[in-house]
Amino acid sequence: MQDADNKAAQGDFERAVNLYEAALDDSPRGAEVHYKLALLYDDKLNDPVSALHHFKRYLALNPNGSHAKDVKDSIKRGEIAALTALSGDSVITRAEAARLRNENLTLHKQLEERPAPRTTFENDARKAGSKKASQTYVVRSGDTLFSISRKFYKSPKRWKTILEANKKDIRDPKDLTAGQTLVIP
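A quick note: this is a predicted structure, and the numbers were derived from the prediction, not measured.

Orientation of helix 1 (residues 2–10) relative to helix 2 (residues 13–22), taken along the N-to-C sense of each, is 165°, at an axis distance of 8 Å. Between helix 1 and helix 2, the interaxial angle falls into the category roughly antiparallel. Crossing geometry of helix 1 relative to helix 2 is assigned as left-handed. Together, D3, A4, D5, K7 and A8 of helix 1 and F13, R15, A16, L19 and Y20 of helix 2 make up the contact between the two elements. Among the residues making up the contact of helix 1 with helix 2, the classes are represented as six nonpolar, no polar and four charged.

And the structure:
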């Protein structure tokens, strides 16, 4: 271990890592070796994943050791650093992800509850005295009655209205044909 300390002090971190790893065992002394390895990986070799491994091994071998508080703090920082490094700087915490999912669901519900705005076409048809305003839509690959309803009515809930208006042309509501023309009431 003393040789490893000397190599680390000289800046020969690769050799220091090898010497520390050779000194590892499951004793409290081994916990100290894990701590020193973690510091090398964290501070000198910029390898947060390996640092986390050795910090966690330190705690497993010596949970109340003299470095325990520092190790726990380093683990918290290291997990975020590792995730950031692995994800290309786009890390958010689980709590933030959950908050964003809930906000997204709330906004979707609010949108679905809003009445669909009248299109200019519908308003013009009503002004002209037409009994029923409608338009057509050519189905694209990947379209569903839900997606078409969302496109025209800003809600997927009116898919049955589209189905009813086109029941003679739609055999299976789950299998629309690209290029098919639908009436949108």
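After that view of the structure, there is still more to cover.
Moving on, we get to unusual backbone geometry. Positive phi, normally seen in glycine, also occurs at K154, with a value near 60°. Owing to a relative accessible area of 49%, K154 belongs among the partly exposed residues under this scheme.

Taken as a whole, this structure holds four aromatic pairs when the rule is applied. Note on Y35 and Y58: the rings are 5.7 Å apart at their centroids and 50° apart in plane angle, and the pair reads as tilted. Note that Y35 is positioned in helix 3 (residues 28–44) and Y58 in helix 4 (residues 48–61), a separation of 23 residues in sequence. Classification of Y35 by relative accessible area gives buried; the value is 9%. Y58 gets classed as buried once you look at its relative accessible area, which sits at 1%. Among the aromatic side chains, those forming a connected cluster through ring pairs are Y35, F55 and Y58. One residue, R158, lies across the ring of Y153, its end atom 3.8 Å from the ring centre.

Helix length check: helix 3, at 17 residues, gives a terminal C-alpha distance of 24 Å against a target of 24 Å (1.5 Å per residue), a fit within 8%. Taken together, the buried positions of helix 3 are G30, A31, V33, H34, Y35, L37, A38, L40 and Y41.

The spacing of Y58 and A68 is 10 residues in sequence and 8.0 Å in space, taken between C-alpha atoms. Only 3.4 Å separates the side chain of Y58 from the backbone nitrogen of S66, close enough to count as a polar contact.

Quick look at the pairing of strand 2 (residues 181–184) now. Covered by surrounding structure in strand 2 are L182 and I184 only, the residues T181 and V183 on the alternate face being uncovered. Alignment of strand 1 (residues 135–138) against strand 2, held across four bridges, turns out to be antiparallel. Paired with Y137 across the two strands is L182, which belongs to strand 2.

Attention now goes to the pattern of salt bridges. Summed over all chains, the structure comprises four salt bridges. K36 is the salt-bridge partner of D5, the closest N and O atoms lying 3.0 Å from each other. On the criterion of sequence distance, the pair formed by D5 in helix 1 and K36 in helix 3 is long-range, its members being 31 residues apart. Under the relative-accessibility criterion, D5 is labelled partly exposed at 28%. Between E103 and R99 there is a salt bridge; the shortest N-O distance is 2.9 Å. Taken together, the residues span about one helical turn, with E103 and R99 both in helix 6 (residues 94–113) at a distance of four residues. Here R99 falls in the partly exposed class, since its relative accessible area comes to 43%.

In this section: the environment of A51. Here A51 shows up in helix 4. By relative accessible area, which is 1% here, A51 ends up buried. Beyond its immediate chain neighbours, meaning those up to four positions away, A51 contacts A38, Y41 and D42.

With that out of the way, let us pick up the confidence of the model for the chain. For the chain, the mean per-residue pLDDT works out to 83, and 83% of the residues sit at or above 70. Per-element confidence in the chain is highest for strand 2, whose mean pLDDT is 93, and lowest for helix 7 (residues 120–127), whose mean pLDDT is 52.

Analysis parameters
Residues numbered from 1 in each chain as written. Predicted model: local features only at pLDDT ≥ 70, side-chain atom pairs only at ≥ 80, totals over all residues. Heavy atoms only, no water. Axes fitted to C-alpha atoms, helices over the stretch in contact; angles between N-to-C directions. Helix = DSSP H or I, 4+ residues; strand = E, 2+ residues; numbered from the N terminus. Parallel < 35°, antiparallel > 145°, perpendicular 65-115°, else oblique. Left-handed = near helix turned anticlockwise from the far one by under 90°. Contact = heavy atoms within 4.5 Å. Nonpolar A, V, L, I, M, F, W, Y, C, P; charged D, E, K, R; others polar. Buried < 20%, exposed > 50% of the residue type's maximum accessible area, 1.4 Å probe, protein only. Phe/Tyr/Trp six-rings, centres within 6.5 Å; stacked < 30°, edge-to-face > 60°. Lys NZ or Arg CZ within 6 Å of the ring centre and 35° of its normal. Expected span 1.5 Å × (residues − 1). Polar contact = N/O pair within 3.5 Å; in protein donor to acceptor, adjacent residues only side chain to side chain. Pairing = 2+ DSSP bridges. Salt bridge = Lys/Arg side-chain N within 4 Å of Asp/Glu carboxyl O. pLDDT = per-residue confidence, 0-100.

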